[in-house]
Amino acid sequence: MTTATTTAPAAPAPVTSPPAASWAAVAALARFETRRLLTRVPVLVALAVYVAWTVWRTRVSFDGFPELQDADRATQGGPLLVGLAVLLSANQAVLRSRRHDTDRHLSVLVVPRWGRTVAHLLSVGAAALLVAVCVGGQFTWEALKPGAVGHGSPAELLVGPLSVLLLGGFGVLLARLVTAPFAAPLLIAVLLFLATFLTGFTGDGWARWLMPSVGTYSSVTLPSDLIGRPAAWHALYLGGFALTLMAAAVLLSGGARLRAAQATVAAAVALTLVGVAGQSRDVPEDITEARVRASVTPEQLHTCVERDATTYCAFPEWVPRTDDWARAVDDVRALAGGDAQDRPLAVRQRVEARYGLDTDTILAPLTRPGEVTVGTTWGGNRVPEFTIAVAGVLVTGSEASMGELCDGRMVTVMWLALAARPDPVADLRRVRIDDSDTGSAIVVQQTEPLRMTSAHTELLRELLEMPREKAAAKVKAGWAELTAPKVTTDRVARVLGLEKPEGENECR
């Protein structure tokens, strides 16, 4: 009898995958999720709208004369739309396995649940990098414009991409907290509500800096060293907050035992708190003092350049713009008569910086003879507003005297300011508060506004309709009478060979 002996098969040796293999799988999954995320309809639509709006706006932004310390903040609004789309799409991507009931299949993969979360977060990071490229392109476009001056802030430029990273990380974390598909749309509605209705309640306090983007609501442009915004602290806060949300999502996905995740959460929370503390502080005392100097004694900070009979004094960042100011002054001088073509003038750049970026103020007229104010913005309406100031000083002698102007000299001032412009009547409408070219109106210029009566407007329109050379000859021939104090509007009409105006001639 033969006895058969069977030997039990040996147990297979345990196979351990090195960490590198898992991370390679995470990277592969991240590439897949990135491709899926960037081709989701909400993200594609948001990116298309963002890029189209950016291109359309940047073509004509700042009237071709950007101040880069303002242009950097102008990059922060558009990325928020992309961030909301990334929030929704990243949330749906994380919940995809639950919607399709494939969670049990994923549990046998080499990539653990926390690794899949990391892949989703990396896809959000890719979207943020794409927005960073768009932000860089927008700012570079502004910086390459011939009229660009000033200096941008890298921290301000980081706000847009970090906002996308923050919102996308919020979407991933929300998916690990709440599996309901309506949670992300509801969160977006809440965020829009907060942005719309609560911004006004925060005012100028520290709470407004808890929002991703903090705008300013004035037209004041300050030298870059007087901005005083805690941009670096805000970027640190956004980066720390985004990293906190992302690390928390990894912890909730089974990565609670990972020391790297634990350390990341601790470091991210610390960064966030440091950023909050830094951005909550008041404007530094040295900046406050510098703002006072720039407002009260700007000549101490000016760099002056002489061109013919005019001296141009500007803050250092604006010195390249003196060529544009000089062209405007020369156009006005060329139309003037008497000694106005060669009379010394001093164009002084001024700004009211004591109240920061959140308050619009009107500059008081200069009282010294021959001095003209120019602001920190240029292009568009600012050009005819400046030429009105130049013409007013040439006619009346000083800005203070020009502010009291209400006689027939107003016709001469406005013609000198507008006649050399490409479209004088269009510029007339631009500088009048009611955008009119008939009747009486308030005229905006560099300092206090002026007043035009219906009679002034009537004569000015007739003078602008003449050939420029003919009108200039009449103005130069009658310069002494046209610029005489208290000359009547009827007398101006007779000197210019025009009919007596029919409109009212009383300043109100």
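Residues numbered from 1 in each chain as written. Predicted model: local features only at pLDDT ≥ 70, side-chain atom pairs only at ≥ 80, totals over all residues. Heavy atoms only, no water.

(A) Spatial organisation of the overall build of the protein chain. Per the secondary structure count, the protein chain includes 21 helices and six strands. With the C-alpha coordinates of the protein chain rotated into their principal frame, the extents come out at 145 × 45 × 40 Å. Looking at the 508 residues of the protein chain, the share that counts as buried comes to 48%. The contacts of the protein chain with a sequence gap of at least 6 include a subset with a gap of at least 24, amounting to 75%. Per element, the accessible surface of the protein chain, about 24,400 Å² overall, is 61% carbon and sulfur. (Helix = DSSP H or I, 4+ residues; strand = E, 2+ residues; numbered from the N terminus. Buried < 20%, exposed > 50% of the residue type's maximum accessible area, 1.4 Å probe, protein only. Contact = heavy atoms within 4.5 Å. Areas by Shrake-Rupley, 256 points an atom, 1.4 Å probe, with all protein chains shown as cover.)

(B) Quick look at the state of the cysteines. Scanning the model with the defined rule gives one disulfide in all. The partner cysteine of cysteine 304 in its disulfide is cysteine 313, sulfur to sulfur 2.1 Å. Measuring the twist about the S-S bond at about 110°, one finds the cysteine 304-cysteine 313 disulfide to be right-handed. For cysteine 304, a relative accessible area of 46% puts it in the partly exposed group. Look at cysteine 313 and you get buried, because its relative accessible area is 2%. (Disulfide = S-S within 2.5 Å.)

(C) Representation of the packing of aromatic side chains in the model. Inspection of the entire model under this criterion finds three aromatic pairs. Considering the side-chain rings of phenylalanine 315 and tryptophan 318, the 6.4 Å spacing of their centres and the 65° angle between planes classify their relative orientation as edge-to-face. Using a relative accessible area of 3% as the deciding quantity, one classes phenylalanine 315 as buried. (Phe/Tyr/Trp six-rings, centres within 6.5 Å; stacked < 30°, edge-to-face > 60°.)

(D) Quick peek at the pattern of salt bridges. What the rule picks out here adds up to 20 salt bridges. As a salt-bridge pair, arginine 421 and aspartate 427 come within 2.7 Å of each other at their nearest N and O atoms. Judged by relative accessible area, which is 22%, arginine 421 ranks as partly exposed. The salt bridge involving lysine 500 is made with aspartate 490; its shortest N-O contact spans 3.9 Å. Taken as a pair, lysine 500 in the segment after α21 (489-495) and aspartate 490 in helix α21 lie far apart in primary sequence, 10 residues in all. (Salt bridge = Lys/Arg side-chain N within 4 Å of Asp/Glu carboxyl O.)

(E) Geometry of the environment of glutamate 33. With respect to the helices and strands, the residue glutamate 33 is situated in helix α1 (residues 19-38). Spatially, the C-alpha atoms of glutamate 33 and valine 413 are 66 Å apart, while their sequence positions differ by 380 residues. If sequence neighbours within four positions are ignored, glutamate 33 has contacts with Ala93, Arg96, Ala119, His120 and Ser123.

(F) Spatial organisation of the sheet that holds strand β1 (residues 303-307). Here four strands make up an open sheet; going across it, the order is β1-β2-β3-β4 and the pairing mixed. Edge positions in the sheet fall to β1 and β4 (371-374), since each of these pairs with one other strand and no more. Each neighbouring strand pair of the sheet contributes to a mean axis angle of 20°, computed without reference to strand direction. Sheet analysis places strand β3 (residues 345-349) next to β4, joined by four bridges and oriented parallel. Counted as the bridge partner of arginine 348 is threonine 373 from β4. (Pairing = 2+ DSSP bridges. Axes fitted to C-alpha atoms, helices over the stretch in contact; angles between N-to-C directions.)

(G) How the structure looks around the packing of helix α10 (residues 231-255) against helix α11 (residues 259-279). The N-to-C vectors of α10 and α11 enclose an angle of 155°; their axes lie 7 Å apart at closest approach. In terms of orientation, α10 and α11 fall into the roughly antiparallel class. In this structure, α10 meets α11 at a crossing whose hand is left-handed. For the contact of α10 with α11, the class distribution of residues is 16 nonpolar, 10 polar and no charged. (Parallel < 35°, antiparallel > 145°, perpendicular 65-115°, else oblique. Left-handed = near helix turned anticlockwise from the far one by under 90°. Nonpolar A, V, L, I, M, F, W, Y, C, P; charged D, E, K, R; others polar.)

(H) Highlighting a nonpolar patch on the surface. Together, Val41, Val45, Val49 and Leu81 give the surface a local cluster of nonpolar side chains, amounting to about 340 Å² of exposed area. Ranked by residue count, the leading element in the nonpolar patch is helix α2 (residues 41-60), at three residues. Along the polypeptide, valine 41 turns up in helix α2. (Patch = residues over 30% accessible without salt bridge, like charges linked within 9 Å, V, L, I, M, F, W, Y side chains within 5 Å.)

(I) The arrangement of the nonpolar core in detail. Formed by 68 residues in total, the largest nonpolar core has its most connected members in Trp325, Phe386, Met414, Trp415 and Leu416. A total of nine residues in this core trace back to one element, the largest contributor, which is helix α14 (residues 382-396). Excluding its chain neighbours within four sequence positions, the residues that come into contact with tryptophan 325 are Tyr312, Ala314, Trp318, Val347, Gln349, Val374, Gly375, Trp378 and Phe386. Grouped together as the second largest cluster of nonpolar side chains are 43 residues, Trp114, Leu157, Val164 and Leu245 included. (Core = buried A, V, L, I, M, F, W, Y, C linked by side-chain atoms within 4.5 Å.)

(J) Fine view of the pairing of strand β2 (residues 310-314). Counting buried positions along β2 yields four of five residues, so the element is predominantly enclosed. Bridge count for β1 against β2 is five bridges, and the pairing is antiparallel. Residue valine 305 lies in a different strand from β2, and its bridge partner there is tyrosine 312. The loop that links β1 with its antiparallel partner β2 comprises two residues; one of these, aspartate 308, has a positive phi angle of about 55°. This β-α-β element, β2 to helix α13 (residues 322-335) to β3, shows left-handed connectivity. (Right-handed = clockwise from strand over helix to strand, strands pointing away.)

(K) Structural view of helix α16 (residues 409-418). Across the 10 residues of α16, 10 count as buried, placing the element largely inside the fold. All of the buried residues in α16 are Arg409, Met410, Val411, Thr412, Val413, Met414, Trp415, Leu416, Ala417 and Leu418.

(L) Region of the structure containing the environment of phenylalanine 193. By the secondary structure assignment, phenylalanine 193 is in helix α9 (residues 183-202). Distance from phenylalanine 193 to valine 431, taken between C-alpha atoms, is 37 Å for residues 238 residues apart in sequence.

(M) Local environment of the packing of α2 against helix α4 (residues 78-94). The geometry of α2 relative to α4 is characterised by a closest axis approach of 8 Å and an angle of 175° between their N-to-C directions. Taken together, the axes of α2 and α4 are roughly antiparallel relative to one another. Two secondary-structure elements touch here, α2 through Pro42, Val43, Ala46, Leu47, Val49, Tyr50 and Trp53 and α4 through Gly78, Pro79, Leu81, Val82, Ala85, Val86, Leu88 and Ser89. Considered class by class, the residues forming the contact of α2 with α4 number 13 nonpolar, two polar and no charged.

(N) Fine view of unusual backbone geometry. The phi dihedral of phenylalanine 62 falls on the positive side, at around 55°, and the residue is not glycine. Its location among the elements puts phenylalanine 62 in the loop between α2 and α3 (68-71). If you check the backbone angles, aspartate 435 has positive phi at about 55° while not being a glycine. Structurally, aspartate 435 is set in the loop between α17 (424-431) and β5 (441-443). Owing to a relative accessible area of 52%, aspartate 435 belongs among the exposed residues under this scheme.

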